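Listed below are the residues making up each chain.
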Amino acid sequence: IQKALKSKIKNFIFSGPQIIESGAPVALKSLSLISLTDSVYAIGGHDGTGPRKSLFKMSCESNACEWTKMTQELQVARSLSVAMLIPNELAKCSIK
């Protein structure tokens, strides 16, 4: 049973809305995903040419979801990274 379950998990693919940037779909791999309240965030990733600084937010209304590119971006392009939420008290940043 465990072997069959591992096989099913290994072959699981999530199909969601496409990430569109400048009117064209963006294929990202090795990105980080985090969820916060009713949204999912895609952080960095690799687009086939190199790591990216981009941040995308997926929001859903009435079972229709879409990705939106955020104005903020990472200072350093990243792929294969780990992301997690931390309390505001631990973050030393300012809004510009």
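Our subject in this report is the structure included herewith. Computed from a prediction, not measured in an experiment: that's the story for all the values here.

## Observations concerning the sheet that holds strand β4 (residues 39–43)
Here we have four strands laid out as an open sheet, ordered β3-β4-β5-β6, and antiparallel in their pairing. If you trace the sheet from one side to the other, it starts and ends with β3 (32–36) and β6 (64–69), each paired once. The sheet shows a mean angle of 25° between the axes of neighbouring strands, direction not considered. With five bridges joining them, β4 and strand β5 (residues 55–61) adopt antiparallel strand pairing. Residue Tyr 41 lies in a different strand from β5, and its bridge partner there is Lys 57.

## What about the pattern of salt bridges?
Going through the model one piece at a time under the given rule, you end up with three salt bridges. The shortest N-O distance in the salt bridge between Glu 21 and Lys 69 comes to 2.5 Å. With Glu 21 in strand β1 (residues 19–21) and Lys 69 in strand β6, this residue pair connects regions lying 48 residues apart in the sequence. On the basis of relative accessible area, Glu 21 is assigned to the buried category, the value being 19%. Across the pair Asp 47 and Arg 52 runs a salt bridge, and its minimum N-O distance is 3.2 Å. Given a relative accessible area of 28%, Asp 47 falls into the partly exposed group.

## Some details on the nonpolar core
Formed by Ile 19, Val 26, Leu 28, Ala 42, Phe 56, Met 58 and Trp 67, the largest nonpolar core amounts to seven residues. Those residues in contact with Met 58, other than ones at most four positions away along the chain, are Pro 17, Asp 38, Ser 39, Val 40, Cys 65, Glu 66 and Trp 67. Among the nonpolar cores identified, the runner-up in size contains five residues, and Ile 34, Ile 43, Leu 55 and Leu 74 belong to it.

## Details of the state of the cysteines
Evaluation of the coordinates by the stated rule reveals one disulfide. Here Cys 60 is linked by a disulfide to Cys 65, with a sulfur-sulfur distance of 1.9 Å. Across the S-S bond of Cys 60 and Cys 65 the torsion is about 105°, and the bridge reads as right-handed. Judged by relative accessible area, which is 39%, Cys 60 ranks as partly exposed.

## A word on a nonpolar patch on the surface
Together, Val 82, Met 84, Ile 86 and Leu 90 give the surface a local cluster of nonpolar side chains, amounting to about 490 Å² of exposed area. Note that Met 84 resides in the segment after β6. Exposure remark for Met 84: the relative accessible area of 64% places this residue in the exposed category.

Criteria and cut-off values
- Residues numbered from 1 in each chain as written.
- Predicted model: local features only at pLDDT ≥ 70, side-chain atom pairs only at ≥ 80, totals over all residues.
- Heavy atoms only, no water.
- Pairing = 2+ DSSP bridges.
- Helix = DSSP H or I, 4+ residues; strand = E, 2+ residues; numbered from the N terminus.
- Axes fitted to C-alpha atoms, helices over the stretch in contact; angles between N-to-C directions.
- Salt bridge = Lys/Arg side-chain N within 4 Å of Asp/Glu carboxyl O.
- Buried < 20%, exposed > 50% of the residue type's maximum accessible area, 1.4 Å probe, protein only.
- Core = buried A, V, L, I, M, F, W, Y, C linked by side-chain atoms within 4.5 Å.
- Contact = heavy atoms within 4.5 Å.
- Disulfide = S-S within 2.5 Å.
- Patch = residues over 30% accessible without salt bridge, like charges linked within 9 Å, V, L, I, M, F, W, Y side chains within 5 Å.
- Areas by Shrake-Rupley, 256 points an atom, 1.4 Å probe, with all protein chains shown as cover.

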